[in-house]
Amino acid sequence: MITAASLAPWLGGALALGGVAVAVSRRRELMVRWCAWAVGVPLVTGAFWLGRPGAAAVAVVVAVIAALEYGGLLRLPPVDRAVLVAAVTGVVLAAWLAPGQVPRVVAVGALAVAAVPLLAGDADQGLRRLGAGLLGLAWLSVLAALVPLGASGLALFVAVSVADITAYFAGRRLGGPRLSPLSPAKRWSGTLAGAAAGLGTLAVLSVPAWPTALAVAVGGPAGDLLESMVKRGAQAKDAGRWLPGSGGLLDRIDSLLIALAVLLVLS
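Here's a quick rundown of the structure. (Residues numbered from 1 in each chain as written. Predicted model: local features only at pLDDT ≥ 70, side-chain atom pairs only at ≥ 80, totals over all residues. Heavy atoms only, no water.)

## Structural notes on the side chain of serine 141
Here is step 1: Along the polypeptide, serine 141 turns up in the loop between helix H6 (126-140) and helix H7 (146-149).
Here is step 2: From its side chain, serine 141 meets the backbone oxygen of leucine 137 in a polar contact 2.6 Å long.
Here is step 3: Residues within four places of serine 141 in sequence aside, it is in contact with Val88, Val91 and Gly136. (Helix = DSSP H or I, 4+ residues; strand = E, 2+ residues; numbered from the N terminus. Polar contact = N/O pair within 3.5 Å; in protein donor to acceptor, adjacent residues only side chain to side chain. Contact = heavy atoms within 4.5 Å.)

## Regarding the pattern of salt bridges
Pairing between side chains of opposite charge can happen when their charged atoms approach one another.
Here is step 1: With the rule as written, the count across this model stands at seven salt bridges.
Here is step 2: Note that arginine 129 is salt-bridged to aspartate 80, the shortest N-O span being 2.7 Å. Of the two residues, arginine 129 sits in helix H6 while aspartate 80 sits in helix H4 (residues 78-97), which places them 49 residues apart along the sequence.
Here is step 3: The exposure class of aspartate 80 is buried, given its relative accessible area of 7%.
Here is step 4: Across the pair aspartate 164 and arginine 252 runs a salt bridge whose closest N-O atoms are separated by 3.5 Å. On the criterion of sequence distance, the pair formed by aspartate 164 in helix H8 (residues 151-174) and arginine 252 in helix H11 (residues 249-266) is long-range, its members being 88 residues apart.
Here is step 5: With relative accessibility at 14%, the residue arginine 252 sits in the buried group.
Here is step 6: Here the residues in one salt-bridge network are Asp80, Asp122 and Arg129, joined through shared partners. (Salt bridge = Lys/Arg side-chain N within 4 Å of Asp/Glu carboxyl O. Buried < 20%, exposed > 50% of the residue type's maximum accessible area, 1.4 Å probe, protein only.)

Take a look at the structure:
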């Protein structure tokens, strides 16, 4: 069984090697991004070390920030953002405290999200607000899966992150057909190379189950494309500007979200 303790040496080694590579490259952008990872990885790993309470804490913090970024990206009114944050947080807490009630909490959250534009009588933007709110609830609520997955969820995040990074550099190096009009910079060559790197990471971390492998290979790229679609619709480059080297947190976890959804379906 994979644990945070078994992952810690691998994550520490990866950070150290990454630091050496970044120092050699002397690229400021990469140095800033590595510093953000050097702070975030130990904090997240330490939280998962605490078991379900720690995983729930990480999921709640990530859910709140991601929901706020999503609401800002789609220019939702403050009340819509607040209700979305509460709904997603409720789903995560239910996964920790009352797992059998998760479907009911999701349903209550959907009704609350729908009630906001209805009660406001918004005939002009009500449908857009309703659709955006329900998409945000469905998209971000999968973070609740981190609670029962525990360290396996952390391993999944590591694998999709490695796949993302590999896909970016391999796509630029190898070129070839574009993956989708939603993200013209992404290439099939990079996606396939990223999938191979992600699967290799799972093997190294001793997470060989085929649902997890499919989540990384298929769910990761799909999640990236989904956020690209949302950002294109919102005419925005990034979901935020506060996270060094990554824009916003939603830009960093987009692949993880759909990978979690795929894993939930297959499990």
